[in-house]
Amino acid sequence: QSFSSGSEASVAFNTSVFDTDSMSGTANRLTFVTAGTYLVQAYVQIEANASGRRHLALRLNGTGNRLVVVQTAPSISEGWGNQVSALLAVDATDWVEVRFLQTSGSSLDVQITNSSPFLSAVKILG
């Protein structure tokens, strides 16, 4: 997946490792089937570029950022990777997505690794 400079967009997830509650029906979100409190975690790694900044966010139901990490760009020799996590109290049919924004001046690609991109939700209470 490629991200244009200056445009926030949803991160796509195309593989389900396991899904015990049928939450991974679409490529860019998890939809909660069972209400409760969940620990939601995401990790995304982006190709190397030393310009601009990076912004990674979890968004619930398409509005507002629940948790945001903003970090300046790494050195040119390294990719940028970061994780966000949050405890979310959700109802059935609520959904969460991962949003990414970069301002390098050129398009940057997600690096596909064993851990990137990654999105999970673990039910804690409810």
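What you see is a predicted model; the values in this text were computed from it and never measured. As a convention, each chain's residues are numbered from 1 in the sequence order in which they are written. Note on the predicted model: pLDDT of at least 70 is required for a residue's local features to be given, and 80 or more for side-chain atom pairs to be given and counted; whole-chain, interface and lining totals, by contrast, use all residues. Where side-chain values are given, they derive from all heavy atoms of the structure, hydrogens and water being excluded.

J.: Help me out: how do you make sense of the overall build of the chain in this one?
T.: Of regular secondary structure, the chain possesses zero helices and ten strands. By the criteria applied, helices consist of DSSP H or I runs no shorter than four residues and strands consist of E runs no shorter than two, each listed in order from the N terminus. Starting at the N terminus, the α and β elements of the chain follow one another as β-β-β-β-β-β-β-β-β-β. When burial is assessed residue by residue, the chain has 36% of its 126 residues classed as buried. Working rule for contacts: check all heavy atoms of both residues, and any pair within 4.5 Å makes them a contact. Once local pairs closer than 6 in sequence are excluded, the contacts in the chain between residues at least 24 apart make up 74%. Using the Shrake-Rupley algorithm and a 1.4 Å probe, accessible areas are obtained, with residue cover drawn only from the displayed protein chains. Accessible area of the chain: about 6,500 Å², with a carbon and sulfur share of 49%. Accessibility here uses a 1.4 Å probe with only protein chains present; expressed as a share of the type maximum, an area under 20% marks a residue as buried, one over 50% as exposed, and anything in between as partly exposed.

J.: Sorry, what's going on with the nonpolar core here?
T.: It is characteristic of soluble globular proteins that their nonpolar side chains tend to be buried jointly. To qualify as a nonpolar core, a set must consist of buried Ala, Val, Leu, Ile, Met, Phe, Trp, Tyr and Cys residues joined through side-chain atoms within 4.5 Å. Grouped together as the largest cluster of nonpolar side chains are 25 residues, with contacts concentrated most on Val40, Ile46, Leu58 and Val98. Secondary structure elements with two or more residues in this core: strand E4 (36–46), strand E5 (53–60), strand E7 (80–90) and strand E8 (95–102). With sequence-adjacent residues up to four places away left out, Val98 is seen in contact with Ala9, Ser10, Val11, Phe13, Ala42, Val44, Leu56, Ala57, Leu58 and Leu119.

J.: How should I be thinking about the pattern of salt bridges in this particular structure?
T.: Where side chains of opposite charge bring their charged atoms close, a pairing between them can arise. Here, a salt bridge means any side-chain nitrogen of Lys or Arg that lies within 4 Å of a carboxyl oxygen of Asp or Glu. Summed over all chains, the structure comprises three salt bridges. Arg59 is the salt-bridge partner of Glu8, the closest N and O atoms lying 2.9 Å from each other. Taken together, the positions of Glu8 in the loop between strand E1 (2–3) and strand E2 (9–10) and Arg59 in strand E5 put the pair 51 residues apart, joining distant regions of the chain. On the basis of relative accessible area, Glu8 is assigned to the partly exposed category, the value being 27%. Judged by relative accessible area, which is 14%, Arg59 ranks as buried. Residue Arg99 is joined to Glu97 by a salt bridge in which the shortest nitrogen-to-oxygen separation is 3.9 Å. By relative accessible area, Glu97 is classed as buried at 5%.

J.: Mind showing me how you'd approach the pairing of E4 here?
T.: Residues in a regular strand point their side chains to alternate faces of the sheet. On E4, burial follows the alternation: Gly36, Tyr38, Val40, Ala42, Val44 and Ile46 on one face are buried, whereas Thr37, Leu39, Gln41, Tyr43 and Gln45 on the facing-out side are not. Sheet topology note: the E4/E7 ladder contains eleven bridges and is antiparallel. By the bridge assignment for E7, Leu39 is matched with Leu87. Relative to strand E10 (residues 118–125), E4 is paired through seven bridges, and the arrangement is antiparallel. If you follow Leu39 over to E10, its bridge partner there is Val122. When DSSP finds two or more bridges between two strands, those strands count as paired.

J.: Please clarify how unusual backbone geometry should be interpreted in this entry.
T.: Trans is the common state for peptide bonds, and a negative phi is the common state for residues other than glycine. Located in the positive-phi region is Asn61, a residue other than glycine, with phi close to 55°. Mapped onto the elements of the fold, Asn61 is located in the loop between E5 and strand E6 (63–72). A residue is classified by how much of its surface remains accessible, and Asn61, at 31% relative accessible area, is partly exposed. In the Ramachandran plot, Thr93 falls in the positive-phi region, its phi being about 80° despite a non-glycine side chain. Take Thr93: it is sitting in the loop between E7 and E8.

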